[in-house]
Amino acid sequence: MTVTGLPTGVSRTAVLIAQAREAETARPSGLFKDPLARPLVEAAGRISGVSEAGRRAAEHFVLRTRYFDDRLGEAVRAGLRQVVLLAAGLDTRAYRLDWPTGTRLFEVDLPDLIAFKDRVLAEHDARARCERMAVAADLRDDWPASLVSAGFDPERPTAWLVEGVLMYLTPEDGAAVLKRLSELSAPGSRLSVEHVNQAYADQPKMRPAMNKLAATQAAWLSSVEDPEQWLAAHGWRAEITHQADLAVSLGRPVPAMAHPAVAGAARIWLVDATRD
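Residues numbered from 1 in each chain as written. Predicted model: local features only at pLDDT ≥ 70, side-chain atom pairs only at ≥ 80, totals over all residues. Heavy atoms only, no water.

1. Here's the deal with the side chain of Thr65
Which entries qualify depends on this criterion: Here a strand is any run of E in DSSP of at least two residues, a helix any run of H or I of at least four, and the numbering for each starts at the N terminus. Contacts: residue pairs with any heavy atoms within 4.5 Å of one another.
Structurally, Thr65 is set in helix 3 (residues 52-77). If we ignore the near neighbours within four places in the chain, the residues touching Thr65 are Arg21, Phe32, Arg93, Arg96 and Glu163.

Put into structure tokens, the structure is as follows:
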């Protein structure tokens with residue numbers, strides 16, 4: 001049964017990511033387990049007819065999920081107990097990861113998506129493994145006010161995750177998100193973020209996917225050429241992980257979309273940054 005209320009556009013892309021997590025969960029040697037992915041996909045309505053670029057992207061979604069899982073794990077092991085997922089989508093980390101006692105996790109996303117997700121999770125009697133606060137807000141608006149109203153403490157170091165969203169924002173809106181995030185980050189905060197460079201978006205093999213995204217009001221609107229410099233301007237010290245290296249470290253084949261012989265100058269940036 002499909003639950004009504006799931007918005008279209010950028011939010012619809014969350015279903016593709018959940019489908020990739022569902023498939024990985026079914027693998028005996030999966031890099032993670034996300035048992036709530038299937039109920040969310042089934043409630044939202046499975047996306048069929050995925051393009052070749054979309055199928056290749058599923059490999060990336062799996063690798064980046066594990067990458068960001070590990071970064072958040074490092075953050076809480078370092079003592080951080082405040083976590084914020086911006087544009088959380090159908091993410092279920094609050095439910096599937098092991099969180100230390102006292103962890104408060106804030107999920108920020110559009111009101112309709114938050115309502116849909118909370119309804120499905122309640123129907124399946126899902127129980128978060130930490131204190132979870134869902135914050136309904138648009139990243140193009142004053143989301144920090146909503147976050148603070150939900151109990152966020154800007155005086156405490158925070159582990160931030162900005163996964164799979166910045167390319168959908170204009171350069172101006174993306175810069176505003178980073179500025180506001182940085183202003184809320186006490187020393188010792190950590191930031192995990194994903195972005196792409198323009199060469200990645202311009203690949204001929206990406207054109208069908210880009211056209212499909214644009215047709216569903218989910219076009220990519222921005223890119224970043226130098227993540228280290230980009231984040232340094234906001235007070236962050238960044239470390240970049242190449243997706244090919246990540247795949248090898250996890251015992252997986254290098255995805256074609258990240259293989260140097262195929263990708264050339266195209267990059268999906270996976271970044272871990274610290275605020276001193």
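2. A few points about the sheet that holds strand 5 (residues 190-196)
Heads up, the condition is: Following DSSP output, two strands are said to pair if at least two bridges run between them. Comment: axis = line fitted to C-alpha atoms, over the contacting stretch for helices; angle = value between 0 and 180 degrees taken between N-to-C directions.
Taking strand neighbours across the sheet as the criterion, the 7 strands line up as 3-2-1-4-5-7-6 in an open arrangement whose pairing is mixed. Looking along the sheet, the strands with just one partner apiece sit at the ends: strand 3 (131-136) and strand 6 (237-241). On average, each strand axis in the sheet is inclined to that of its neighbour by 20°, with strand direction left out of account. Pairing geometry for strand 6 and strand 7 (residues 268-274), over 5 bridges, is antiparallel. Bridge assignment links Ile240 to a residue of strand 7, and that residue is Val271.

3. Quick notes on the pairing of strand 7
This is how the line gets drawn: The cut-offs for exposure are 20% and 50% of the maximum accessible area for each residue type, with area from a 1.4 Å probe on protein chains only; residues under the lower value are buried, those over the upper are exposed, and the others partly exposed.
Within strand 7, 6 of the 7 residues are buried, leaving the element largely enclosed by the surrounding structure. Bridge analysis of strand 5 against strand 7 gives 7 bridges, and the strand direction is antiparallel. Within strand 7, the residue paired with His195 across the bridge is Trp269.

4. Some details on the pattern of salt bridges
What counts is decided by this rule: Each salt bridge in this description consists of a side-chain nitrogen of Lys or Arg and a carboxyl oxygen of Asp or Glu lying within 4 Å of one another.
Throughout the structure, instances matching the rule amount to 23 salt bridges. Between Arg190 and Asp272 there is a salt bridge; the shortest N-O distance is 3.1 Å. You can see Arg190 sitting in strand 5 and its partner Asp272 sitting in strand 7, a full 82 residues away along the chain. Since its relative accessible area comes to 15%, Arg190 is described here as buried. Its relative accessible area of 13% is what places Asp272 among the buried residues. Arg237 is the salt-bridge partner of Asp276, the closest N and O atoms lying 2.7 Å from each other. One end of the pair, Asp276, is in the segment after strand 7; the other, Arg237, is in strand 6, and 39 residues separate them in sequence. In this structure Asp276 comes out as exposed when scored by relative accessible area, which is 63%. Here the salt bridges do not stand alone but share partners, grouping Arg21, Arg64, Asp69, Asp91, Arg93, Arg96, Glu163 and Glu194 into one network.

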